[in-house]
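# Descriptive analysis of the structure
Listed here are the chains, written in short residue letters.
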Amino acid sequence: LTLNYSFFTGDVVQPFYHETPSYYFSAANYLNSPPGNFNVLNLYGGEGSWVEYNWDKGNVYIGTDVDPQLINNPVIHPGDSLLSGYITEELATNTTVQIDNLLNLMNIKYILLHNDIDTDFYNFTSPQVFQNSLSTQNVSLEQTFGKIGIYMNNEWQNTPVYVASQVISVNDSSSIANETANIKSEQSVFCLSNQLTAEQFKFIASVQNN
């Protein structure tokens, strides 16, 4: 404590305060208004890596992405998974691969393009490169708030998630007919027995018992 006295008093380490630009809140309000469960892809950051945003009036922010603090739905970054990283790499190299199906696999409805990013900080891809690449994809620029562009995945659909209260194990698709009398409408799910592990059979039994 004695050696680090100046650290605790703030004589060495000074706190940094940033005023988040108003357009961040406008963009977040826009993304928080649509109903449904969906994810948002930020083309920068992720996996604990920092970003540097050049905000207005010399206000430079260095730290983790602030979007997840403002947006209600999950925000995915390139470094969060192999698939999100692959999508970003394809956009960065402006390939002919269509990313809409890949976006759907991750339930991504919107893409965020930060034009206030400092590309030199982590050798990030230029927003202009992303913008040109996105113009060739099945996505559309929905709104622009300050230095943030919001693109929409045109193939996204609000896919519902169903919770089954009855799990029926069958040997093949033809044996489903033998179970029709036991099916509970909108509550049953079929599983092929040769694709189930012993642990999964045990779980199915616990579901049936409950």
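Refer to the structure presented above.
Given the structure is predicted, the values throughout are model-derived calculations rather than measurements. (Residues numbered from 1 in each chain as written. Predicted model: local features only at pLDDT ≥ 70, side-chain atom pairs only at ≥ 80, totals over all residues. Heavy atoms only, no water.)

## Re the pattern of salt bridges
Side-chain pairs of opposite charge can arise whenever the charged atoms involved come near each other. Scanning all chains against the criterion turns up one salt bridge. Between K147 and D56 there is a salt bridge, with the nearest N and O atoms lying 3.9 Å from each other. With a gap of 91 residues between them, K147 in the loop between β6 (139–145) and β7 (148–153) and D56 in the loop between β2 (51–54) and β3 (60–63) connect regions that are remote in the sequence. Using a relative accessible area of 41% as the deciding quantity, one classes D56 as partly exposed. (Salt bridge = Lys/Arg side-chain N within 4 Å of Asp/Glu carboxyl O. Helix = DSSP H or I, 4+ residues; strand = E, 2+ residues; numbered from the N terminus. Buried < 20%, exposed > 50% of the residue type's maximum accessible area, 1.4 Å probe, protein only.)

## What about the nonpolar core?
Among the nonpolar cores identified, the biggest contains 39 residues, and L43 and I111 are the most heavily contacted of them. In contact with L43, not counting residues within four places along its chain, are P78, T88, L91, I111, L112, L113, F130 and L134. (Core = buried A, V, L, I, M, F, W, Y, C linked by side-chain atoms within 4.5 Å. Contact = heavy atoms within 4.5 Å.)

## Things to note about the pairing of strand β8 (residues 166–170)
Most of β8 sits out of view: four of its five residues are buried. For β8 and strand β9 (residues 188–192), the ladder comprises five bridges, and the chain directions are parallel. The partner of S169 across the bridge, within β9, is C191. (Pairing = 2+ DSSP bridges.)

## Let's talk about the packing of aromatic side chains
The full count for this structure, using the stated rule, is 14 aromatic pairs. Summarising the aromatic geometry, the rings of F121 and Y122 are spaced 4.8 Å apart at their centres and angled 65 degrees between planes, so their arrangement reads as edge-to-face. When its relative accessible area of 44% is taken as the criterion, Y122 is described as partly exposed. Taken together, the aromatic side chains of Y23, Y24, Y53, W55 and Y61 make up a single cluster linked through ring pairs. One residue, K109, lies across the ring of F38, its end atom 5.1 Å from the ring centre. (Phe/Tyr/Trp six-rings, centres within 6.5 Å; stacked < 30°, edge-to-face > 60°. Lys NZ or Arg CZ within 6 Å of the ring centre and 35° of its normal.)

## With respect to unusual backbone geometry
Backbone geometry places N94, a non-glycine residue, at a positive phi of 55 degrees. For N107, which is not a glycine, the phi torsion comes out positive at approximately 55 degrees. By the element assignment, N107 lies in the loop between α5 (100–105) and β5 (108–114). Taking the relative accessible area as the measure of exposure, N107 reaches 23% and is therefore partly exposed.

## Notes on the side chain of D100
Positionally, D100 belongs in helix α5. Although D100 is buried, it forms no salt bridge, and the closest oppositely charged side chain is K109 at an N-O distance of 16 Å. Look past the residues within four positions of D100 in its chain and what remains in contact with it is N138, N153 and E155. (Lys, Arg positive; Asp, Glu negative; His and termini not counted.)

## Section: helix α4 (residues 82–92)
Taken residue by residue, α4 has S84, G85, I87, T88, E90 and L91 as its buried positions. Buried residues belonging to α4 abut β1 (39–42), β4 (75–76), α5 and α6 (127–134). Trailing α4 by a residue or two, N94 shows a phi angle of about 55 degrees, which is positive.

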